[in-house]
Amino acid sequence: MRFTLALHARSGRWIPPALLLATWVALVVANPGSALDNAANLFFAVLIVAVWATSAIGNVDDDPHRDLCAAANGGPARLAALRHVAAVLELLPVVVVAGVLAVASGPRHGASWGTVVAGTAGLLASGVLLGAALGSFLHRPVLRSTAWTVVVALVAIMVVVLLPPVRGVFHDADHARIGGVGILFGVSLVLAVVAGWAAGALAARLS
Amino acid sequence: MPVERRLRSECVHLDAVTVRFGRLHVLRQVTVTVHEGEYVCVRGANGGGKTTLLRVVAGAIRPASGARRGPARCAYVPPALAPPALTVRAWLRGVRHDRVDDPWSALDILSFDGDPDGSCRELSYGNLRKVLLADALTSASPVLAVDEAHAGLDHSGRTGLERLVTAARTRGAAVLVAAQDDDAVEGTDRTLLVGGGDVSDVAAGDRGVDGTVVHTLRGPRSAEAALLEAAERHGFRAVDRDDR
């Protein structure tokens, strides 16, 4: 995983999503709502960035180099799963920074510190896990065209955001409540694990 | 330097393996066994399936049907790749952790003359190949699959490769190399001829171009014409199906 992260770091492909997240965070900090409202706002940015980063990590090398790495790591399925986990690990410190800024920049509006911290952590972690789950299918060998990756990613993100449980969470966040965040995080965690396994199986079949 | 032949156990086995790319059957019901310490040359026409066979043997791809029995972690050297944006040192340190030998010594043996702290992208094709070979041939993997073994190598590189292959075989690794028609690979135990979706298991017998001869042709009859053609091109004696 360190090797994958080093490849991604040196490729420079992390720069566009990092710039997008930094811009989004700057906009949120410049026009803050409540702390939980900010976190809900950042959820979208983290979701998009996670999809982008995960698909970029999956495409970090060309097919022959991926074959070399697959053989060295025990097969294409295991390699895909390792890269899926590497993407989540890469995103976690980024999300911690974004979360701290979201909490620090907005008033709590009567919510306790515990509620704010738990809500922010749950929302942003859900964004990472859902994004990684989607992104793990959006690179070679599953999708070989960058154009299709963009189209499918946009559609998938819109579908996720419009799902009633996700919309409910944002309604709660607007009112300084975190009722559905725990469920969202649990579902995201399960989806991320299942997606990691399924993407590996699909990579093995399509390689 | 010849390696002493001993009775060794099976290292990797493909059982009725089929690989398809879309509707094209690159390998069709192929059964191959490679033993520990064995040195196998894979030959065939362009597009015949040499690379695909090596990728399956190394575990880099999973066949559409059939089974591969062998170690999970193998060393595979592709014929070409886009050099990663890492230094040679960082790439060799990170790409695998199961080494039995120092890759820097192997690079010396291969007469590598690039900058170890320079980017892989700044290496010539030949020096990049030497880095890939040094990585694979110093790994602890029991299966080493090298595509286009001599591609890009100068004379000292080829001599060094022979030394490293001998060392790998001595410690029990099975070495498979794919080679073009005019590329003489010395000291192989046998040759696999690949073509028409089939692989003929070519073992020792009357001496052919590189000391081997076709003594059996297995697989579907539709593949036989391509295999016979390949066999003749290499100077092998092909035994007709009806004579078996």
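What counts and what doesn't
Position labels on residues start from 1 in each chain and follow its written sequence. As a convention, the first chain written is A and the first ligand written is 1, with the rest following in written order. Residue-level local features of this predicted model are given only where pLDDT is at least 70; pairs of side-chain atoms are given and counted only at 80 or more, and the full residue set underlies all totals for whole chains, interfaces and linings. Only DSSP runs of H or I covering at least 4 residues are called helices, and only runs of E covering at least 2 are called strands; the numbering of each starts at the N terminus. Our radius of gyration is a C-alpha quantity, and the globule rule it is checked against amounts to 2.2 Å times the number of residues to the power 0.38. Here the expected span of a helix is defined as 1.5 Å times the quantity of residues minus one. Once C-beta atoms are placed from the backbone, each residue is buried if 20 or more other C-beta atoms lie within 10 Å of its own, exposed if 12 or fewer, and partly exposed for counts between those two. Whether two residues are in contact is decided by their C-beta atoms, placed from the backbone, lying within 7 Å. Ten residues, namely Ala, Val, Leu, Ile, Met, Phe, Trp, Tyr, Cys and Pro, are considered nonpolar, four, namely Asp, Glu, Lys and Arg, are considered charged, and the remaining ones, Gly among them, are considered polar. Each nonpolar core consists of buried Ala, Val, Leu, Ile, Met, Phe, Trp, Tyr and Cys residues. Their C-beta atoms, within 7 Å, join them into a set. For helices, the fitted line uses only the C-alpha atoms of the stretch in contact; every axis is such a line through C-alpha atoms, and the angle between N-to-C directions lies from 0 to 180 degrees. Each crossing is labelled by how the near helix is turned from the far one, with a counterclockwise turn of less than a right angle marking it left-handed and a clockwise turn marking it right-handed. In this analysis, strands are considered paired if DSSP registers two or more bridges between them. How sure the predictor is of each residue is captured by pLDDT, a score from 0 to 100. Roughly parallel means an angle under 35 degrees; roughly antiparallel, over 145; roughly perpendicular, 65 to 115; everything else is oblique. Along the arc lie the directions from the helix axis toward the C-beta atoms.

1. What to know about the overall build of chain A
Along chain A, the regular secondary structure elements total 9 helices and 0 strands. Ordering the α and β elements of chain A from the N terminus gives α-α-α-α-α-α-α-α-α. For 207 residues, the compact-globule formula gives about 17 Å, and the C-alpha radius of gyration of chain A, at 17 Å, lands near that figure. Each principal axis of the C-alpha distribution contributes one length, and for chain A these read about 55 × 30 × 30 Å.

2. Some thoughts on helix H6 (residues 113–135) of chain A
Residues lying three or four places apart along an α-helix face the same way, a consequence of the helix completing one turn every 3.6 residues. Across its 23 residues, H6 of chain A extends 32 Å between first and last C-alpha, which sits within 8% of the 33 Å expected from 1.5 Å per residue. Within H6 of chain A, 17 of the 23 residues are buried, which leaves it mostly tucked inside the rest of the structure.

3. Comments concerning the environment of Gly 110 of chain A
Along the polypeptide, Gly 110 of chain A turns up in the loop between helix H5 (76–105) and H6. C-alpha separation for the pair Gly 110 of chain A and Ser 34 of chain A, spaced 76 residues apart in sequence, amounts to 9.9 Å.

4. Structural notes on the interface of chain B and chain A
Contacts between the two partners involve 22 residues from chain B and, on the opposite side, 22 residues from chain A. Of all elements in the fold, only helix H1 (50–58), strand E5 (75–77) and helix H2 (88–94) of chain B reach the threshold of two or more residues within the side of chain B that touches chain A. Its residues placed into classes, the side of chain B that touches chain A shows 16 nonpolar, 2 polar and 4 charged.

5. Digging into the nonpolar core
Counting 134 residues, the largest nonpolar core has Val 46 of chain A together with Val 57 of chain B as its most contacted members. Of all the elements, helix H3 (residues 35–58) of chain A adds the most residues to this core, at 17 residues. The residues touching Val 57 of chain B, leaving out its near neighbours within four places in the chain, are Val 12, Leu 14, Val 34, Val 143, Ala 145 and Leu 176 of chain B.

6. Focus: unusual backbone geometry
Geometrically, the link from Arg 140 of chain A to Pro 141 of chain A is a cis peptide bond, its omega value of 0° lying close to zero. When you line up the elements, Pro 141 of chain A lands in the loop between H6 and helix H7 (146–162). A positive phi is found at Gln 29 of chain B, a non-glycine position, where the angle reads about 55°. One non-glycine residue, Glu 148 of chain B, lies in the positive phi region at around 50°. Inspection of the secondary structure puts Glu 148 of chain B in the loop between strand E6 (143–146) and helix H5 (155–170). The exposure class assigned to Glu 148 of chain B is buried, which follows from the 20 C-beta atoms found within 10 Å.

7. Remarks on the packing of H3 of chain A against H7 of chain A
Residues and elements named next belong to chain A. In the contact formed by H3 and H7, the axes pass within 11 Å of each other and the chain directions differ by 145°. In this structure, H3 crosses over H7, and the sense of that crossing is right-handed. Across the interface between the two elements, Phe 44, Leu 47, Ile 48, Val 51 and Ser 55 from H3 touch Thr 149, Ala 153, Ile 157, Val 160 and Val 161 from H7. In terms of residue class, the contact of H3 with H7 is made up of 8 nonpolar, 2 polar and no charged.

8. A short note on the pairing of strand E8 (residues 190–195) of chain B
Residue and element names in this part refer to chain B. Most of E8 is tucked away, with 5 of its 6 residues classed as buried. In the sheet, strand E3 (residues 39–44) pairs with E8 via 5 bridges, with the strands oriented parallel. Residue pairing in the sheet places Arg 43 in a bridge with Leu 193 of E8.

9. Side note on the confidence of the model for chain B
Residue and element names in this part refer to chain B. Here chain B shows a mean pLDDT of 80. Residues at 70 or above account for 78%. Long-range and interchain partners of residues 204–222, a stretch whose pLDDT sits below 50, account for 50 contacts in this model, where long-range means more than four residues apart. The ipTM assigned to the predicted complex is 0.82, against a pTM of 0.83.

10. Comments concerning the sheet that holds strand E1 (residues 10–21) of chain B
Residue and element names in this part refer to chain B. Pairing within the open sheet is antiparallel, and its 3 strands lie in the order E2-E1-E4. Across the chains shown, the open sheet's two edge strands, defined by having one partner strand only, are strand E2 (24–35) and strand E4 (65–69). Across the sheet, the axes of successive neighbouring strands diverge by a mean angle of 15°, strand direction being ignored. Note: E1 against E4, 4 bridges, orientation antiparallel. Across the sheet, the residue bridging to Thr 18 is Ser 65, located in E4.

11. Some points on the pairing of E2 of chain B
Residue and element names in this part refer to chain B. One ladder, built from 8 bridges, connects E1 with E2; its direction is antiparallel. Looking at E2, one finds that Arg 20 is bridged to His 25. What sits between the antiparallel neighbours E1 and E2 is a turn of 2 residues, in which Gly 22 has the positive phi angle 65°.

12. Things to note about the environment of Val 51 of chain A
All names here are of chain A. Inspection of the secondary structure assignment puts Val 51 in helix H3. Note on Val 51: 29 C-beta atoms within 10 Å, which makes it buried. Sequence separation of Val 51 and Leu 184 is 133 residues, and the distance between their C-alpha atoms is 17 Å. Leave out the neighbours within four places in its chain, and Val 51 touches Gly 131, Leu 134, Gly 135, Leu 138, Ala 153 and Ile 157.

13. Some details on the packing of helix H4 (residues 63–73) of chain A against H5 of chain A
Residue and element names in this part refer to chain A. Relative to each other, H4 and H5 sit at 100°, their axes nearing to 7 Å. One way to sum up the angle between H4 and H5 is to call them roughly perpendicular. Across the interface between the two elements, Arg 66, Cys 69, Ala 70 and Asn 73 of H4 pack against Pro 76, Arg 78, Leu 79 and Leu 82 of H5. When its residues are assigned to classes, the contact of H4 with H5 shows 5 nonpolar, 1 polar and 2 charged.

14. Comments concerning the environment of Leu 27 of chain B
Relative to the assigned elements, Leu 27 of chain B resides in strand E2. As for Leu 27 of chain B and Arg 99 of chain B, which are separated by 72 residues in sequence, their C-alpha atoms are 31 Å apart.

15. Quick look at helix H1 (residues 2–11) of chain A
Among all positions in H1 of chain A, only Phe 3, Thr 4, Leu 7 and His 8 of chain A are buried. For H1 of chain A, the angular spread of buried residues about the axis comes to 135°, placing them on one side. Lining the buried residues of H1 of chain A we find H3 and H5 of chain A together with H2 of chain B. Trailing H1 of chain A by a residue or two, Gly 12 of chain A shows a phi angle of about 80°, which is positive.

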